[in-house]
Amino acid sequence: MKALFWALAFTLSFSVKAQVSRELQEAINSVPFARFDYPANRDRNIPPQVASPQAYAFAYYSLPYAINLEMVADDLTEGYVGKVILFFNSVKLSSSEEKEILKKALPQLQKLLDQQYFDASVAGFNARCTFSRSMIARISANGRVIAIIREILSTRELINQLVQRINAI
């Protein structure tokens, strides 16, 4: 009996074919690709195509370099963190011009980071004080904390890149 069942299952597995309609295939082909890389001479009046970390948005609008966003695995959050990659050689600037741009950007990024730390502490307080019996409410509160921590990690990484660049000039 088992042999008959396995023979039938084996035969059916080779004879069943998935059918994709023409409309479904056209819909699949028309899905746009998300774009994360932008050249240095991008039009800053047009926003990025997808939602992105605040550090990426800052780099997109405020820094003259070509940029990209890479998702890297993070052990702290057990997920992925958006790492902003700057291509410093994509623009021709003198050392003094570049240092001036970077020195202007660092306090703005530090202000953003301070706001993110504040938001994280508020979200953490809310997550600890969620006494709701609803699992959805608790998951939502903890999810906000994780999202803000990822934002902090992205901003911290961008600050480190800019500091390293200032020291290298």
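Residues numbered from 1 in each chain as written. Predicted model: local features only at pLDDT ≥ 70, side-chain atom pairs only at ≥ 80, totals over all residues. Heavy atoms only, no water.

Undergrad: Report on the pattern of salt bridges, specifying residues and quantitative values.
TA: Where charged atoms from two side chains of opposite charge come close, those side chains can pair. Here the structure, examined in full by the defined rule, presents 3 salt bridges. With its nearest N and O atoms 3.9 Å apart, the salt bridge here joins Glu-23 to Arg-22. Judged by its relative accessible area of 59%, Arg-22 is exposed. One salt bridge connects Glu-26 with Arg-22, and the closest N-O pair in it is separated by 3.7 Å. In this pair, Glu-26 and Arg-22 both sit in helix α2 (residues 22–29), 4 residues apart, roughly one turn of the helix. Among the residues examined, Glu-26 registers a relative accessible area of 46% and is labelled partly exposed. (Salt bridge = Lys/Arg side-chain N within 4 Å of Asp/Glu carboxyl O. Buried < 20%, exposed > 50% of the residue type's maximum accessible area, 1.4 Å probe, protein only. Helix = DSSP H or I, 4+ residues; strand = E, 2+ residues; numbered from the N terminus.)

Undergrad: Give a description of the environment of Arg-35 that names residues and reports values.
TA: Examined against the element boundaries, Arg-35 turns out to sit in the loop between α2 and α3 (54–62). Arg-35 sits in the partly exposed class, given a relative accessible area of 35%. In sequence terms Arg-35 and Gln-49 are 14 residues apart; their C-alpha atoms lie 6.4 Å from each other. Residues contacting Arg-35, with those up to four places away along its chain left out, are Gln-49 and Val-50. (Contact = heavy atoms within 4.5 Å.)

Undergrad: Provide a residue-level description of the confidence of the model for the protein, including the pertinent values.
TA: Looking at the protein as a whole, its pLDDT mean stands at 83, while 86% of the residues score no less than 70. The least confident element of the protein is helix α1 (residues 2–15), whose mean pLDDT is 58; the most confident is α3, at 92. (pLDDT = per-residue confidence, 0-100.)

Undergrad: An account of the pairing of strand β2 (residues 79–87) is requested, with residue identities and associated values reported.
TA: For strand β1 (residues 66–74) and β2, the ladder comprises 9 bridges, and the chain directions are antiparallel. Among the inter-strand pairings, Val-72 is bridged to a residue of β2, identified as Val-81. The antiparallel pairing of β1 with β2 creates a hairpin that spans 4 residues between the two strands, and Glu-78 there sits at a positive phi of about 55°. (Pairing = 2+ DSSP bridges.)

Undergrad: Tell me about the packing of α3 against helix α4 (residues 95–128), residues and numbers included.
TA: Running from N to C, α3 and α4 cross one another at 155°; their axes reach a closest spacing of 11 Å. By the angle class used here, α3 and α4 are roughly antiparallel. Crossing angle aside, the handedness with which α3 passes α4 is right-handed. Along its contact with α3, which presents Gln-54, Ala-55 and Phe-58, the element α4 presents Ala-105, Gln-108, Leu-109, Leu-112 and Gln-116. Looking at the contact of α3 with α4 residue by residue, the class counts come to 5 nonpolar, 3 polar and no charged. (Axes fitted to C-alpha atoms, helices over the stretch in contact; angles between N-to-C directions. Parallel < 35°, antiparallel > 145°, perpendicular 65-115°, else oblique. Left-handed = near helix turned anticlockwise from the far one by under 90°. Nonpolar A, V, L, I, M, F, W, Y, C, P; charged D, E, K, R; others polar.)

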